[in-house]
Amino acid sequence: MKITIIGAGYVGLVQSVCLADFGFSVTCIEKDLNKLRELKFGRIPFYEPGLEDLFRKNLKSNRLNFTNEYSSNISQSDVIFICVGTPPKKNGESNLNFVDQVTKEISKKIKGYTVIVSKSTVPVGTSRRIEKILKRVSSTKTFDVVSNPEFLREGSALEDFTKPDKIIIGCRTTKAEKILKKIYKPLNRPYVVTSNETAEIIKYANNSFLATKITFVNEIADLCENIGAEIETVAKAMGLDGRIGSKFLHPGPGYGGSCFPKDVKSLIYQGNKNSTDLKIIKAVDRANELRIKYLFQRVKKITKNKFNNIQIGLLGISFKPNTDDVRQSPGIKLAKDLSKTKAKIKIYDPKGMENAKKELPRSIEFCSDEYEVAKNSNLLVIVTEWNQFKNLDLLKVKKIMKKPVILDLRNIYSKQITKNGFQYYSVGNN
Ligand code: UDX
(Lines give C-alpha, C1' and ligand atoms only; values in the text may rest on other atoms or scores of the structure.)
Protein backbone atom coordinates (compact mmCIF):
# COMPACT_ATOMS: atom_id res chain seq x y z
CA MET A 1 0.00 0.00 0.00
CA LYS A 2 1.44 3.39 -1.02
CA ILE A 3 0.64 6.22 1.39
CA THR A 4 1.06 9.93 0.72
CA ILE A 5 0.86 12.55 3.46
CA ILE A 6 0.28 16.16 2.47
CA GLY A 7 1.80 18.64 4.93
CA ALA A 8 4.85 18.16 7.17
CA GLY A 9 3.59 20.10 10.20
CA TYR A 10 3.00 18.55 13.65
CA VAL A 11 0.26 16.23 12.44
CA GLY A 12 1.69 15.40 9.00
CA LEU A 13 5.23 14.71 10.17
CA VAL A 14 4.16 12.53 13.09
CA GLN A 15 1.75 10.65 10.77
CA SER A 16 4.49 10.17 8.14
CA VAL A 17 7.16 8.97 10.59
CA CYS A 18 4.86 6.63 12.52
CA LEU A 19 3.27 5.03 9.42
CA ALA A 20 6.76 4.54 7.93
CA ASP A 21 7.71 2.92 11.25
CA PHE A 22 4.77 0.51 10.74
CA GLY A 23 6.56 -0.55 7.55
CA PHE A 24 4.51 1.39 5.00
CA SER A 25 6.18 3.23 2.14
CA VAL A 26 5.35 6.88 2.85
CA THR A 27 5.83 9.99 0.76
CA CYS A 28 5.31 13.33 2.48
CA ILE A 29 4.58 16.33 0.24
CA GLU A 30 5.65 19.66 1.73
CA LYS A 31 5.45 22.93 -0.23
CA ASP A 32 7.78 24.97 2.03
CA LEU A 33 11.18 24.54 0.39
CA ASN A 34 13.13 25.56 3.51
CA LYS A 35 11.28 23.00 5.60
CA LEU A 36 11.84 20.43 2.84
CA ARG A 37 15.59 21.09 2.82
CA GLU A 38 15.78 20.66 6.60
CA LEU A 39 13.83 17.41 6.41
CA LYS A 40 16.04 16.01 3.65
CA PHE A 41 19.08 16.75 5.86
CA GLY A 42 17.44 14.78 8.68
CA ARG A 43 16.36 17.77 10.77
CA ILE A 44 12.76 18.35 11.93
CA PRO A 45 11.59 22.00 12.04
CA PHE A 46 10.23 21.90 15.59
CA TYR A 47 10.98 20.29 18.95
CA GLU A 48 8.98 17.13 19.73
CA PRO A 49 10.54 14.59 22.16
CA GLY A 50 11.69 11.42 20.38
CA LEU A 51 10.44 12.43 16.93
CA GLU A 52 13.79 13.34 15.36
CA ASP A 53 15.35 9.94 16.21
CA LEU A 54 12.37 8.01 14.85
CA PHE A 55 12.35 10.28 11.80
CA ARG A 56 16.04 9.65 11.07
CA LYS A 57 15.66 5.90 11.59
CA ASN A 58 12.89 5.74 8.97
CA LEU A 59 14.61 8.16 6.61
CA LYS A 60 17.56 5.75 6.54
CA SER A 61 15.25 2.81 5.87
CA ASN A 62 14.09 4.47 2.61
CA ARG A 63 10.47 3.91 3.67
CA LEU A 64 10.08 7.66 4.11
CA ASN A 65 10.75 10.35 1.57
CA PHE A 66 9.95 14.04 1.17
CA THR A 67 9.10 16.05 -1.90
CA ASN A 68 7.18 19.07 -3.11
CA GLU A 69 6.03 17.16 -6.21
CA TYR A 70 2.37 16.12 -6.53
CA SER A 71 2.37 14.44 -9.91
CA SER A 72 3.51 10.81 -9.75
CA ASN A 73 3.11 10.55 -5.99
CA ILE A 74 -0.62 11.17 -6.11
CA SER A 75 -1.37 8.94 -9.10
CA GLN A 76 0.44 6.00 -7.48
CA SER A 77 -1.06 6.51 -4.00
CA ASP A 78 -3.64 4.17 -2.49
CA VAL A 79 -4.26 6.47 0.50
CA ILE A 80 -3.66 10.21 0.79
CA PHE A 81 -3.76 11.94 4.20
CA ILE A 82 -4.51 15.68 4.12
CA CYS A 83 -2.60 17.16 7.07
CA VAL A 84 -2.54 20.86 6.23
CA GLY A 85 -3.29 23.78 8.55
CA THR A 86 -6.75 25.24 9.06
CA PRO A 87 -5.83 28.57 10.73
CA PRO A 88 -8.59 30.70 12.28
CA LYS A 89 -10.00 33.73 10.49
CA LYS A 90 -10.74 36.86 12.59
CA ASN A 91 -14.35 35.73 13.08
CA GLY A 92 -13.27 32.28 14.34
CA GLU A 93 -14.13 30.52 11.10
CA SER A 94 -11.60 27.88 10.03
CA ASN A 95 -9.68 28.92 6.92
CA LEU A 96 -9.94 26.00 4.46
CA ASN A 97 -7.81 27.53 1.68
CA PHE A 98 -4.98 25.01 2.14
CA VAL A 99 -7.46 22.11 2.23
CA ASP A 100 -9.09 23.38 -1.00
CA GLN A 101 -5.73 23.89 -2.70
CA VAL A 102 -4.38 20.43 -1.97
CA THR A 103 -7.74 18.81 -2.86
CA LYS A 104 -7.64 20.52 -6.27
CA GLU A 105 -4.09 19.20 -6.80
CA ILE A 106 -5.21 15.72 -5.79
CA SER A 107 -8.24 15.83 -8.09
CA LYS A 108 -5.99 16.50 -11.09
CA LYS A 109 -3.70 13.55 -10.39
CA ILE A 110 -5.59 10.66 -8.75
CA LYS A 111 -5.77 7.49 -10.81
CA GLY A 112 -7.69 4.38 -9.80
CA TYR A 113 -9.51 3.95 -6.49
CA THR A 114 -7.95 6.21 -3.85
CA VAL A 115 -8.90 6.93 -0.24
CA ILE A 116 -8.50 10.60 0.67
CA VAL A 117 -8.26 11.02 4.44
CA SER A 118 -8.94 14.38 6.06
CA LYS A 119 -6.69 14.37 9.15
CA SER A 120 -6.60 18.14 9.66
CA THR A 121 -9.03 19.63 12.16
CA VAL A 122 -11.82 20.69 9.82
CA PRO A 123 -15.35 22.04 10.39
CA VAL A 124 -18.36 19.80 9.89
CA GLY A 125 -19.13 19.43 6.21
CA THR A 126 -15.55 19.63 4.97
CA SER A 127 -15.54 16.03 3.73
CA ARG A 128 -18.55 16.90 1.52
CA ARG A 129 -16.58 19.97 0.32
CA ILE A 130 -13.61 17.75 -0.56
CA GLU A 131 -15.90 15.31 -2.40
CA LYS A 132 -17.40 18.14 -4.45
CA ILE A 133 -13.96 19.38 -5.54
CA LEU A 134 -12.85 15.85 -6.44
CA LYS A 135 -16.07 15.17 -8.39
CA ARG A 136 -15.53 18.31 -10.50
CA VAL A 137 -12.61 16.57 -12.20
CA SER A 138 -13.13 12.85 -11.81
CA SER A 139 -16.85 12.25 -12.43
CA THR A 140 -16.58 8.47 -12.00
CA LYS A 141 -16.55 7.73 -8.28
CA THR A 142 -12.99 6.35 -7.93
CA PHE A 143 -12.44 7.65 -4.42
CA ASP A 144 -13.76 7.71 -0.89
CA VAL A 145 -13.23 10.58 1.56
CA VAL A 146 -12.59 9.60 5.17
CA SER A 147 -12.60 11.90 8.24
CA ASN A 148 -9.93 10.70 10.68
CA PRO A 149 -9.22 13.45 13.25
CA GLU A 150 -6.14 13.13 15.47
CA PHE A 151 -5.80 13.83 19.21
CA LEU A 152 -2.03 14.34 19.45
CA ARG A 153 -0.78 16.62 22.24
CA GLU A 154 2.38 18.59 21.54
CA GLY A 155 5.17 17.29 23.75
CA SER A 156 3.71 13.76 23.81
CA ALA A 157 2.79 13.28 20.14
CA LEU A 158 4.53 9.91 19.67
CA GLU A 159 2.88 8.40 22.74
CA ASP A 160 -0.51 9.80 21.71
CA PHE A 161 -0.06 8.36 18.20
CA THR A 162 0.96 4.88 19.37
CA LYS A 163 -1.49 4.68 22.31
CA PRO A 164 -4.57 6.66 21.28
CA ASP A 165 -7.69 6.30 23.44
CA LYS A 166 -9.69 5.82 20.25
CA ILE A 167 -9.36 5.93 16.47
CA ILE A 168 -12.18 7.85 14.79
CA ILE A 169 -13.15 6.76 11.26
CA GLY A 170 -15.83 8.78 9.52
CA CYS A 171 -16.67 7.28 6.11
CA ARG A 172 -19.45 6.27 3.76
CA THR A 173 -18.26 2.82 2.62
CA THR A 174 -16.96 -0.30 4.36
CA LYS A 175 -14.29 -0.47 1.66
CA ALA A 176 -12.72 2.75 2.97
CA GLU A 177 -13.24 1.66 6.58
CA LYS A 178 -11.35 -1.60 5.94
CA ILE A 179 -8.40 0.24 4.38
CA LEU A 180 -8.08 2.61 7.36
CA LYS A 181 -8.32 -0.30 9.79
CA LYS A 182 -5.55 -2.06 7.87
CA ILE A 183 -3.32 1.02 8.28
CA TYR A 184 -4.01 1.35 12.03
CA LYS A 185 -4.01 -2.41 12.75
CA PRO A 186 -0.61 -2.30 14.55
CA LEU A 187 -2.09 0.10 17.14
CA ASN A 188 -4.74 -2.38 18.25
CA ARG A 189 -6.92 0.38 19.78
CA PRO A 190 -10.72 0.87 19.90
CA TYR A 191 -12.46 2.30 16.83
CA VAL A 192 -15.40 4.64 16.56
CA VAL A 193 -16.75 4.17 13.02
CA THR A 194 -19.36 6.74 12.06
CA SER A 195 -20.42 9.27 9.42
CA ASN A 196 -17.98 11.88 8.16
CA GLU A 197 -19.97 14.69 9.77
CA THR A 198 -20.05 12.98 13.16
CA ALA A 199 -16.29 12.32 13.00
CA GLU A 200 -15.68 15.99 12.18
CA ILE A 201 -17.65 17.30 15.17
CA ILE A 202 -16.11 14.74 17.57
CA LYS A 203 -12.75 16.50 17.29
CA TYR A 204 -14.19 19.91 18.17
CA ALA A 205 -16.37 18.55 20.94
CA ASN A 206 -13.42 16.65 22.42
CA ASN A 207 -11.06 19.65 22.41
CA SER A 208 -13.69 22.15 23.52
CA PHE A 209 -14.68 19.94 26.45
CA LEU A 210 -11.04 19.74 27.58
CA ALA A 211 -10.79 23.54 27.25
CA THR A 212 -13.99 23.82 29.30
CA LYS A 213 -12.61 21.55 32.01
CA ILE A 214 -9.45 23.66 32.30
CA THR A 215 -11.40 26.93 32.33
CA PHE A 216 -13.77 25.54 34.96
CA VAL A 217 -10.92 24.67 37.33
CA ASN A 218 -9.32 28.08 36.71
CA GLU A 219 -12.58 29.76 37.72
CA ILE A 220 -12.90 27.65 40.87
CA ALA A 221 -9.25 28.55 41.62
CA ASP A 222 -10.12 32.26 41.49
CA LEU A 223 -12.94 31.66 43.97
CA CYS A 224 -10.61 29.63 46.24
CA GLU A 225 -8.21 32.60 46.37
CA ASN A 226 -11.03 34.82 47.61
CA ILE A 227 -12.54 32.42 50.15
CA GLY A 228 -9.32 30.95 51.55
CA ALA A 229 -9.73 27.45 50.09
CA GLU A 230 -7.05 25.31 48.38
CA ILE A 231 -7.63 24.56 44.71
CA GLU A 232 -5.24 21.58 44.61
CA THR A 233 -7.35 19.79 47.23
CA VAL A 234 -10.57 20.74 45.45
CA ALA A 235 -9.18 19.42 42.12
CA LYS A 236 -7.89 16.24 43.78
CA ALA A 237 -11.27 15.52 45.36
CA MET A 238 -13.14 16.28 42.13
CA GLY A 239 -10.73 14.07 40.19
CA LEU A 240 -11.52 11.12 42.47
CA ASP A 241 -15.05 11.20 41.08
CA GLY A 242 -14.86 8.62 38.27
CA ARG A 243 -17.29 10.74 36.25
CA ILE A 244 -14.87 13.68 36.28
CA GLY A 245 -11.33 12.22 36.30
CA SER A 246 -8.19 14.02 37.46
CA LYS A 247 -6.71 14.92 34.07
CA PHE A 248 -6.95 18.48 32.73
CA LEU A 249 -7.91 19.81 36.15
CA HIS A 250 -4.63 21.66 36.77
CA PRO A 251 -5.23 25.39 37.30
CA GLY A 252 -2.92 27.81 35.53
CA PRO A 253 -2.68 30.91 33.36
CA GLY A 254 -5.28 29.61 30.91
CA TYR A 255 -5.04 27.32 27.89
CA GLY A 256 -2.89 28.27 24.90
CA GLY A 257 -1.35 26.48 21.95
CA SER A 258 -2.32 26.17 18.30
CA CYS A 259 -5.40 24.01 18.96
CA PHE A 260 -7.65 24.81 21.92
CA PRO A 261 -8.03 28.54 21.22
CA LYS A 262 -8.59 27.91 17.49
CA ASP A 263 -10.91 24.93 17.90
CA VAL A 264 -13.06 26.62 20.56
CA LYS A 265 -13.55 29.66 18.31
CA SER A 266 -14.27 27.48 15.29
CA LEU A 267 -16.88 25.48 17.19
CA ILE A 268 -18.58 28.72 18.26
CA TYR A 269 -18.58 29.84 14.61
CA GLN A 270 -20.00 26.49 13.46
CA GLY A 271 -22.72 26.77 16.10
CA ASN A 272 -23.70 30.27 14.99
CA LYS A 273 -23.69 29.13 11.36
CA ASN A 274 -26.00 26.24 12.24
CA SER A 275 -28.46 28.28 14.40
CA THR A 276 -27.03 26.90 17.64
CA ASP A 277 -25.93 29.38 20.30
CA LEU A 278 -23.14 27.52 22.14
CA LYS A 279 -23.41 29.59 25.36
CA ILE A 280 -21.05 27.48 27.49
CA ILE A 281 -18.32 27.36 24.83
CA LYS A 282 -18.65 31.11 24.29
CA ALA A 283 -18.21 31.66 28.01
CA VAL A 284 -15.12 29.39 28.03
CA ASP A 285 -13.56 31.35 25.18
CA ARG A 286 -14.26 34.70 26.87
CA ALA A 287 -13.06 33.53 30.29
CA ASN A 288 -9.81 32.25 28.82
CA GLU A 289 -9.25 35.48 26.87
CA LEU A 290 -9.76 37.54 30.06
CA ARG A 291 -7.46 35.37 32.17
CA ILE A 292 -4.24 37.05 31.05
CA LYS A 293 -5.64 40.45 32.09
CA TYR A 294 -6.47 38.97 35.49
CA LEU A 295 -2.91 37.65 35.83
CA PHE A 296 -1.49 41.07 34.94
CA GLN A 297 -3.66 42.51 37.73
CA ARG A 298 -2.17 39.97 40.12
CA VAL A 299 1.36 41.11 39.18
CA LYS A 300 0.26 44.73 39.65
CA LYS A 301 -1.09 43.88 43.12
CA ILE A 302 2.15 42.13 44.14
CA THR A 303 4.31 45.04 42.92
CA LYS A 304 1.82 47.52 44.45
CA ASN A 305 1.44 48.90 40.94
CA LYS A 306 5.05 50.09 41.00
CA PHE A 307 6.98 49.10 37.86
CA ASN A 308 9.76 51.65 37.48
CA ASN A 309 13.19 50.59 38.75
CA ILE A 310 12.07 47.00 39.24
CA GLN A 311 12.88 43.82 37.36
CA ILE A 312 10.44 40.96 36.68
CA GLY A 313 11.63 37.52 35.55
CA LEU A 314 9.44 35.04 33.66
CA LEU A 315 10.27 31.34 33.72
CA GLY A 316 8.69 29.50 30.79
CA ILE A 317 7.37 31.00 27.55
CA SER A 318 6.25 27.97 25.51
CA PHE A 319 2.52 27.27 25.91
CA LYS A 320 3.28 24.02 27.78
CA PRO A 321 6.37 21.99 28.71
CA ASN A 322 8.28 19.76 26.23
CA THR A 323 7.55 21.95 23.24
CA ASP A 324 9.16 24.99 21.59
CA ASP A 325 5.73 26.20 20.46
CA VAL A 326 4.77 29.66 21.73
CA ARG A 327 1.56 30.09 19.72
CA GLN A 328 -1.23 31.61 21.85
CA SER A 329 1.05 31.12 24.84
CA PRO A 330 0.13 32.84 28.16
CA GLY A 331 3.87 33.46 28.61
CA ILE A 332 4.04 35.49 25.41
CA LYS A 333 0.89 37.47 26.30
CA LEU A 334 2.11 38.24 29.84
CA ALA A 335 5.59 39.20 28.60
CA LYS A 336 4.03 41.57 26.04
CA ASP A 337 1.79 43.21 28.68
CA LEU A 338 4.67 43.58 31.16
CA SER A 339 7.03 44.97 28.50
CA LYS A 340 4.62 47.93 28.20
CA THR A 341 5.38 48.88 31.83
CA LYS A 342 8.58 50.54 33.04
CA ALA A 343 9.80 47.29 34.60
CA LYS A 344 12.83 45.49 33.16
CA ILE A 345 11.66 42.09 31.90
CA LYS A 346 13.85 39.01 31.67
CA ILE A 347 12.71 35.63 30.30
CA TYR A 348 13.99 32.10 29.87
CA ASP A 349 12.52 28.97 28.30
CA PRO A 350 14.41 25.67 27.73
CA LYS A 351 13.18 25.28 24.14
CA GLY A 352 11.01 28.25 23.18
CA MET A 353 13.53 31.10 23.05
CA GLU A 354 14.01 31.21 19.26
CA ASN A 355 10.26 31.32 18.68
CA ALA A 356 9.80 33.83 21.53
CA LYS A 357 12.34 36.20 19.94
CA LYS A 358 10.10 36.37 16.84
CA GLU A 359 7.14 37.48 18.97
CA LEU A 360 8.56 39.73 21.70
CA PRO A 361 10.04 43.26 21.77
CA ARG A 362 13.83 43.68 21.97
CA SER A 363 13.40 45.55 25.26
CA ILE A 364 12.99 42.13 26.87
CA GLU A 365 16.21 40.44 28.00
CA PHE A 366 16.49 36.84 26.77
CA CYS A 367 18.45 34.86 29.36
CA SER A 368 20.44 31.64 29.08
CA ASP A 369 19.05 29.96 32.18
CA GLU A 370 16.57 30.30 35.05
CA TYR A 371 19.16 31.75 37.47
CA GLU A 372 20.09 34.55 35.08
CA VAL A 373 16.37 35.44 35.05
CA ALA A 374 16.23 35.38 38.88
CA LYS A 375 19.36 37.54 39.29
CA ASN A 376 18.35 40.99 40.62
CA SER A 377 14.65 40.29 40.04
CA ASN A 378 12.04 41.77 42.38
CA LEU A 379 9.52 39.16 41.23
CA LEU A 380 9.89 35.74 39.59
CA VAL A 381 6.84 34.46 37.68
CA ILE A 382 6.67 30.73 36.86
CA VAL A 383 4.51 30.52 33.71
CA THR A 384 5.29 27.10 32.16
CA GLU A 385 5.84 24.01 34.29
CA TRP A 386 9.08 22.70 32.75
CA ASN A 387 10.53 19.97 34.97
CA GLN A 388 13.78 21.90 35.47
CA PHE A 389 11.84 24.69 37.18
CA LYS A 390 10.47 22.22 39.73
CA ASN A 391 13.82 21.76 41.48
CA LEU A 392 15.30 25.24 41.60
CA ASP A 393 18.15 25.78 44.09
CA LEU A 394 15.95 28.01 46.26
CA LEU A 395 18.79 29.11 48.53
CA LYS A 396 20.67 30.35 45.46
CA VAL A 397 17.52 31.96 44.01
CA LYS A 398 16.84 33.79 47.29
CA LYS A 399 20.41 35.04 47.43
CA ILE A 400 20.47 36.41 43.87
CA MET A 401 16.99 37.93 43.73
CA LYS A 402 16.63 41.56 44.75
CA LYS A 403 13.40 40.60 46.52
CA PRO A 404 12.52 36.89 47.11
CA VAL A 405 8.98 37.04 45.67
CA ILE A 406 7.56 34.20 43.52
CA LEU A 407 4.26 34.13 41.60
CA ASP A 408 3.77 30.47 40.70
CA LEU A 409 1.14 30.27 37.94
CA ARG A 410 1.42 26.47 37.76
CA ASN A 411 1.48 25.69 41.48
CA ILE A 412 4.67 23.67 41.11
CA TYR A 413 5.73 24.83 44.60
CA SER A 414 3.63 25.52 47.69
CA LYS A 415 3.43 27.84 50.67
CA GLN A 416 6.19 25.64 52.18
CA ILE A 417 8.79 27.81 50.44
CA THR A 418 7.87 30.74 52.67
CA LYS A 419 10.06 28.86 55.20
CA ASN A 420 12.99 29.61 52.84
CA GLY A 421 12.21 33.30 53.24
CA PHE A 422 10.13 33.75 50.06
CA GLN A 423 6.91 35.68 49.60
CA TYR A 424 4.93 33.05 47.69
CA TYR A 425 1.85 33.56 45.54
CA SER A 426 0.12 30.84 43.51
CA VAL A 427 -3.14 30.09 41.67
CA GLY A 428 -6.14 29.11 43.73
CA ASN A 429 -4.68 29.54 47.20
CA ASN A 430 -4.31 32.68 49.26
C1 UDX B 1 -4.59 19.62 22.55
C2 UDX B 1 -5.38 18.34 22.81
O3 UDX B 1 -5.04 17.82 24.10
C4 UDX B 1 -5.06 17.31 21.73
O5 UDX B 1 -5.85 16.15 21.94
C6 UDX B 1 -5.37 17.92 20.36
O7 UDX B 1 -5.05 17.00 19.32
C8 UDX B 1 -4.58 19.19 20.16
O9 UDX B 1 -4.85 20.12 21.22
P10 UDX B 1 -2.13 20.51 22.93
O11 UDX B 1 -2.75 21.82 22.61
O12 UDX B 1 -0.91 20.09 22.22
O13 UDX B 1 -3.23 19.31 22.67
O14 UDX B 1 -1.78 20.48 24.49
P15 UDX B 1 -2.58 20.15 25.83
O16 UDX B 1 -1.72 19.30 26.65
O17 UDX B 1 -3.95 19.72 25.55
O18 UDX B 1 -2.65 21.61 26.58
C19 UDX B 1 -3.41 22.63 25.98
C20 UDX B 1 -3.35 23.86 26.92
O21 UDX B 1 -4.08 23.59 28.12
C22 UDX B 1 -1.93 24.24 27.35
O23 UDX B 1 -1.84 25.66 27.36
C24 UDX B 1 -1.85 23.70 28.77
O25 UDX B 1 -0.95 24.45 29.59
C26 UDX B 1 -3.28 23.88 29.24
N27 UDX B 1 -3.66 22.97 30.32
C28 UDX B 1 -3.71 21.64 30.07
C29 UDX B 1 -3.98 23.49 31.57
O30 UDX B 1 -3.91 24.69 31.79
N31 UDX B 1 -4.37 22.64 32.56
C32 UDX B 1 -4.44 21.30 32.36
O33 UDX B 1 -4.79 20.57 33.30
C34 UDX B 1 -4.09 20.77 31.09
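Reading the values: rules and limits
- Residues numbered from 1 in each chain as written.
- Predicted model: local features only at pLDDT ≥ 70, side-chain atom pairs only at ≥ 80, totals over all residues.
- Heavy atoms only, no water.
- Helix = DSSP H or I, 4+ residues; strand = E, 2+ residues; numbered from the N terminus.
- Buried < 20%, exposed > 50% of the residue type's maximum accessible area, 1.4 Å probe, protein only.
- Contact = heavy atoms within 4.5 Å.
- Arc of directions from axis to C-beta.
- Domains from an automatic or database assignment.
- Buried area = accessible area lost by both parts, 1.4 Å probe.
- Salt bridge = Lys/Arg side-chain N within 4 Å of Asp/Glu carboxyl O.
- Near = heavy atom within 4 Å.
- Polar contact = N/O pair within 3.5 Å; in protein donor to acceptor, adjacent residues only side chain to side chain.
- Areas by Shrake-Rupley, 256 points an atom, 1.4 Å probe, with all protein chains shown as cover.
- Nonpolar A, V, L, I, M, F, W, Y, C, P; charged D, E, K, R; others polar.
- Phe/Tyr/Trp six-rings, centres within 6.5 Å; stacked < 30°, edge-to-face > 60°.

K.L.:
In this structure, what is going on with the side chain of asparagine 95? I would like to understand it.
P.N.:
Position of asparagine 95 relative to the elements: it lies in the loop between strand S4 (79-82) and helix H5 (97-109). A residue is classified by how much of its surface remains accessible, and asparagine 95, at 17% relative accessible area, is buried. With near-sequence residues (within four places) excluded, asparagine 95 lies in contact with Gly85, Thr86, Pro87 and Lys89.

K.L.:
It is not clear to me how helix H3 (residues 51-60) should be interpreted in this structure. Could you clarify?
P.N.:
For H3, the full list of buried residues reads Leu51, Leu54, Phe55 and Asn58. All buried residues of H3 lie within an arc of 105° about the axis, which places them on one face of the element. Of the residues in H3, the exposed ones pointing more than 90 degrees away from the buried face are Asp53 and Lys60. Count one or two residues on from H3 and you reach asparagine 62, which has phi positive near 65°.

K.L.:
It is not clear to me how the domain arrangement of the protein should be interpreted in this structure. Could you clarify?
P.N.:
How large an interface is tends to be reported as the accessible area lost when its parts come together. Taken domain by domain, the protein consists of domain 1 (2-194) and domain 2 (197-430). Here the C-alpha centre of domain 2 lies 32 Å away from the C-alpha centre of domain 1. In total, domain 1 and domain 2 occlude about 2,400 Å² of area from one another, counting both sides; carbon and sulfur atoms represent 55% of this. Ranking the residues of domain 1 by area buried against domain 2 places Tyr47, Val124 and Glu154 at the top, with a combined share of 28%. The tally of links from domain 1 across to domain 2 stands at 4 salt bridges. In this structure, the salt-bridge partner of glutamate 197 is arginine 172, at a minimum N-O distance of 3.4 Å.

K.L.:
Hey, could you run me through the site of the ligand in this one?
P.N.:
What surrounds the ligand is a group of 18 residues, the closest being Leu152, Glu154, Lys203, Gly256 and Lys320. At 3.4 Å from an oxygen atom of the ligand is found a main-chain nitrogen or oxygen belonging to leucine 249. Within the backbone of phenylalanine 319, one N or O atom sits 3.2 Å away from an oxygen atom of the ligand. In isolation the ligand offers 650 Å² of accessible surface; the protein chains occlude 94% of this area. Among the elements that take part in the shell around the ligand, helix H9 (residues 196-227) stands out by supplying 3 residues, more than any other. Residues of the shell around the ligand, tallied by class, amount to 9 nonpolar, 3 polar and 6 charged. Formed jointly, the shell around the ligand draws a minimum of three residues from each of two domains, domain 1 (2-194) and domain 2 (197-430).

K.L.:
Can you help me understand the packing of aromatic side chains in this one?
P.N.:
Each pair of aromatic rings is reported with the distance of its centres and the angle of its planes. Throughout the structure, instances matching the rule amount to 7 aromatic pairs. For the pair tyrosine 255 and phenylalanine 260, a centre-to-centre distance of 5.9 Å together with 85° between the ring planes defines the contact as edge-to-face. Note on tyrosine 348 and phenylalanine 389: the rings are 6.3 Å apart at their centroids and 70° apart in plane angle, and the pair reads as edge-to-face. Pair noted here: tyrosine 348 is in strand S10 (residues 344-348) and phenylalanine 389 is in the loop between strand S12 (379-382) and helix H16 (394-400), with a separation of 41 residues, a long-range link. Across the pair, exposure class does not vary: tyrosine 348 and phenylalanine 389 are buried alike.

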